[in-house]
Amino acid sequence: MQDFIKINDSDNVIVALNSITTGTELTVPVEDGEITVTAQEEIPAGHKMAIREIPADGEIIKYGFRIGNAKEDIHKGQWIHTHNIKTALGDLLDYTYEPACVPQEEKEEATFWGFERKDGKVGVRNEIWIIPTVGCVNNVATAIAREAKAYVEGNVEDVIAFPHPYGCSQMGDDQEHTRTILADLINHPNAGGVLVLGLGCENSNIDELKRYIGEYDPERVRFLVAQECEDEMAEGIKVCKELIAYAKGFSRSEVGTSKLIVGMKCGGSDGLSGITANPLVGRFSDMLTARKGTTILTEVPEMFGAETILMNRCETKALFEKTVQMINDFKNYFKSHNQTIYENPSPGNKKGGISTLEDKSLGCTQKSGSSYVKGVLDYGETVKTPGLNLLSAPGNDLVAATALAAAGAQIVLFTTGRGTPFASPVPTVKIATNSALAGKKSNWIDFNAGVLAEDADMEETAQEFFDYILEVASGRRVCSEEAGFHDMAIFKQGVTL
């Protein structure tokens, strides 16, 4: 295993795969041969070392793109991090559509075993979901789910409540977002049956929410208003029994990957995220979309600095313009709250070797692969076009992962260099960027992409990962499911009454 990687021929930095001690001599490939670079100080694993002299204000190049400018003269062999690099990003920018994407070669659909629903959608799980309309009934929903688990049978896999703090005392977009996300989850195919639990006096009451749900199967979706019944616990458990009896009539059947929608998200990134796990997910995205499937990339603030790569892969100019609007709307959101647009990366990111938002974003967008962008979605909007889609949502792990599920993803892929136990409303696959994390937190991590820093072949690993995700789609449980973890969070932007 080598001690470093040079990602792109034009880079003036390398990334340490293992800690490099002071005085270590490295032979680094360059355009016209090789050069010898001596480490002037210790370079932690995942961090960057200069392989050229970089003057103050000079560009620092990684992934073949600028990730920032030098704060001071940086000498060959020096460690490059937050102490001597600064972001080069500005605020609102003008963009030009410069298409740069090669059409994908279509492949024969692969198959998985899923639950076909009456509306034509396919679930990868057959669960009973309890969706509270308002935070006031969260504990009731959780208690009903806990009691109703005892009655699970047949092909029904679980009863899950999704508490949240909203549904009342909200205004404008916040109220709209709550209703839209709740309706999206109610209509999600991973739920074989849904109990919508209301209080009765909330703004997002059941009658109001029905306008967002649209047409529904009354055997699959049931409603209960706590203020209108004598014992909401007893009534809720009774309804769950009836939903279980309905949902156990579904069984898995073989379906094509045109029915599979997978969300892509990263969190707790480190210096290897853009080298191992994110490119692996990008390869998966290309493999799935070539087989008529759909992937969704989100975390708009973590596209800043790499957005032109995505813009120029938009299939049409209309999609390019919608992507520009998505990026600028998020920047204006930051500005409207008097916040710095580029206040990123996080302390954990920095410890792992990420120095600027450009550094983070160029690694983050590796998850999109290389295919055309086929759709651009507003927050709360569901997928309509197969292929790679971009979704407007923040970088927050729980909010973004919930948004992916609400957009229609039956599975979320979550790459991480630091690790996290969280889940989303759908199976959330944790992919480690490094083998140390995979070994230490085997109760969190489902797949180790760290082997790609240890000379594993990308094509073989990508095929192994693709096959594994089809197993998850066919019922194989991930770590967070084994632990019983299911989370959801709704994007809040405005006033609370």
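Engineer: Can you help me understand the environment of Gly-417 in this one?
Structural biologist: Mapped onto the secondary structure, Gly-417 falls in the loop between strand 21 (411-416) and strand 22 (428-432). For Gly-417, the contacting residues outside a window of four places in its chain are Gly-267, Gly-268, Ser-269, Asp-270, Ser-273, Thr-433, Asn-434 and Leu-437.

Engineer: What's the story with the sheet that holds strand 7 (residues 65-70) in this structure? I'm lost.
Structural biologist: Hydrogen bonds between backbone groups are what pair the strands of a sheet, and the pairing can be parallel or antiparallel. Reading across the sheet, the 3 strands line up as 6-7-9 and stay open at both edges, with antiparallel pairing between neighbours. The sheet is open, and its two borders are formed by strand 6 (59-62) and strand 9 (85-86), each paired with just one other strand. Pairing between strand 6 and strand 7: 4 bridges, direction antiparallel. Bridged to Glu-59 within strand 7 is Asn-69. Along the sheet, helix 9 (residues 357-364) makes contact with strand 6 and strand 7, crossing strand 7 at roughly 165 degrees.

Engineer: Explanation requested: the sheet that holds strand 21 in the structure shown.
Structural biologist: Pairing within the open sheet is parallel, and its 7 strands lie in the order 19-20-18-17-21-22-23. What marks the edges here is a single partner per strand, and that holds for strand 19 (373-377) and strand 23 (447-448). Pairing geometry for strand 17 (residues 261-266) and strand 21, over 5 bridges, is parallel. Bridged to Val-262 within strand 21 is Ile-411. Contacts from helix 12 (residues 458-473) reach strand 21, strand 22 and strand 23 within the one sheet, and its direction differs from that of strand 21 by about 140 degrees.

Engineer: What's the story with the side chain of Thr-428 in this structure? I'm lost.
Structural biologist: Mapped onto the secondary structure, Thr-428 falls in strand 22. Given the relative accessible area of 0%, Thr-428 is considered buried. At 2.9 Å, the side chain of Thr-428 forms a polar contact with the side chain of Ser-424. For Thr-428, the side chain forms a polar contact with the main-chain oxygen of Val-426, separated by 2.9 Å. Those residues in contact with Thr-428 that lie beyond four places of it in its chain are Val-412, Phe-414, Phe-422, Ala-423, Asp-446, Val-478 and Ser-480.

Engineer: Which parts of the structure should I look at to understand unusual backbone geometry?
Structural biologist: When glycine is set aside, most residues are seen to have a negative phi, and most peptide bonds are trans. One non-glycine residue, Asp-57, lies in the positive phi region at around 75 degrees. The residue Asp-57 is located in the loop between strand 5 (48-50) and strand 6 in this model. Look at Asp-57 and you get exposed, because its relative accessible area is 51%. Of note in the backbone geometry, Glu-299 takes a positive phi value of approximately 75 degrees without being a glycine. Relative to the helices and strands, Glu-299 is located in the loop between strand 18 (294-297) and helix 6 (307-311).

Engineer: Is there a simple way to explain the nonpolar core in this structure?
Structural biologist: Burial of nonpolar side chains together is a common tendency in soluble globular proteins. Counting residues in hydrophobic clusters, the biggest one holds 93 residues, and the most contacted among them are Leu-260, Ile-411, Leu-413, Val-429, Ile-431 and Phe-465. With 9 residues, helix 12 is the largest single contributor of residues to this core. Core analysis: the next-biggest nonpolar cluster, separate from the first, contains 23 residues, Val-137, Ile-144, Ala-226 and Ala-247 among them.

Engineer: So what exactly am I meant to see when it comes to a nonpolar patch on the surface here?
Structural biologist: A contiguous nonpolar patch, built from Met-171, Val-495 and Leu-497 and spanning about 320 Å² of accessible area, is present on the exposed surface. Counting through the fold element by element, Met-171 comes out in the loop between strand 13 (159-161) and helix 2 (172-186).

Engineer: What am I meant to see in the pattern of salt bridges here?
Structural biologist: As a working rule, side chains carrying opposite charge can pair if their charged atoms are close by. Scanning the entire structure with this criterion turns up 26 salt bridges. Arg-52 serves as the salt-bridge partner of Glu-31, at 3.6 Å between the closest nitrogen and oxygen. Of this pair, Glu-31 sits in the loop between strand 3 (25-30) and strand 4 (33-38) while Arg-52 sits in the loop between strand 5 and strand 6, and the two are 21 residues apart along the sequence. With relative accessibility at 34%, the residue Arg-52 sits in the partly exposed group.

Engineer: How should I be thinking about the packing of aromatic side chains in this particular structure?
Structural biologist: Between two aromatic rings, the relevant description is the distance of the centres plus the angle of the planes. Summed over the entire model, instances satisfying the criterion amount to 15 aromatic pairs. Seen in terms of ring centroids, Trp-129 and Phe-162 are 5.1 Å apart; in terms of plane orientation they differ by 75 degrees. Their pairing is edge-to-face. One end of the pair, Trp-129, is in strand 12 (residues 127-132); the other, Phe-162, is in the loop between strand 13 and helix 2, and 33 residues separate them in sequence. Seen from their ring centres, Tyr-333 and Phe-334 are 5.9 Å apart, and the 90 degrees between their planes marks the pair as edge-to-face. Judged by its relative accessible area of 22%, Tyr-333 falls in the partly exposed class. According to the relative accessible area criterion, Phe-334 is buried, its value standing at 18%. Taken together, the ring pairs in this structure connect Phe-304, Phe-330, Tyr-333, Phe-334, Tyr-379 and Phe-491 into an aromatic cluster.

Conventions we followed
Residues numbered from 1 in each chain as written. Predicted model: local features only at pLDDT ≥ 70, side-chain atom pairs only at ≥ 80, totals over all residues. Heavy atoms only, no water. Helix = DSSP H or I, 4+ residues; strand = E, 2+ residues; numbered from the N terminus. Contact = heavy atoms within 4.5 Å. Pairing = 2+ DSSP bridges. Axes fitted to C-alpha atoms, helices over the stretch in contact; angles between N-to-C directions. Buried < 20%, exposed > 50% of the residue type's maximum accessible area, 1.4 Å probe, protein only. Polar contact = N/O pair within 3.5 Å; in protein donor to acceptor, adjacent residues only side chain to side chain. Core = buried A, V, L, I, M, F, W, Y, C linked by side-chain atoms within 4.5 Å. Patch = residues over 30% accessible without salt bridge, like charges linked within 9 Å, V, L, I, M, F, W, Y side chains within 5 Å. Areas by Shrake-Rupley, 256 points an atom, 1.4 Å probe, with all protein chains shown as cover. Salt bridge = Lys/Arg side-chain N within 4 Å of Asp/Glu carboxyl O. Phe/Tyr/Trp six-rings, centres within 6.5 Å; stacked < 30°, edge-to-face > 60°.

Any functional reading would require information beyond the geometric quantities listed.
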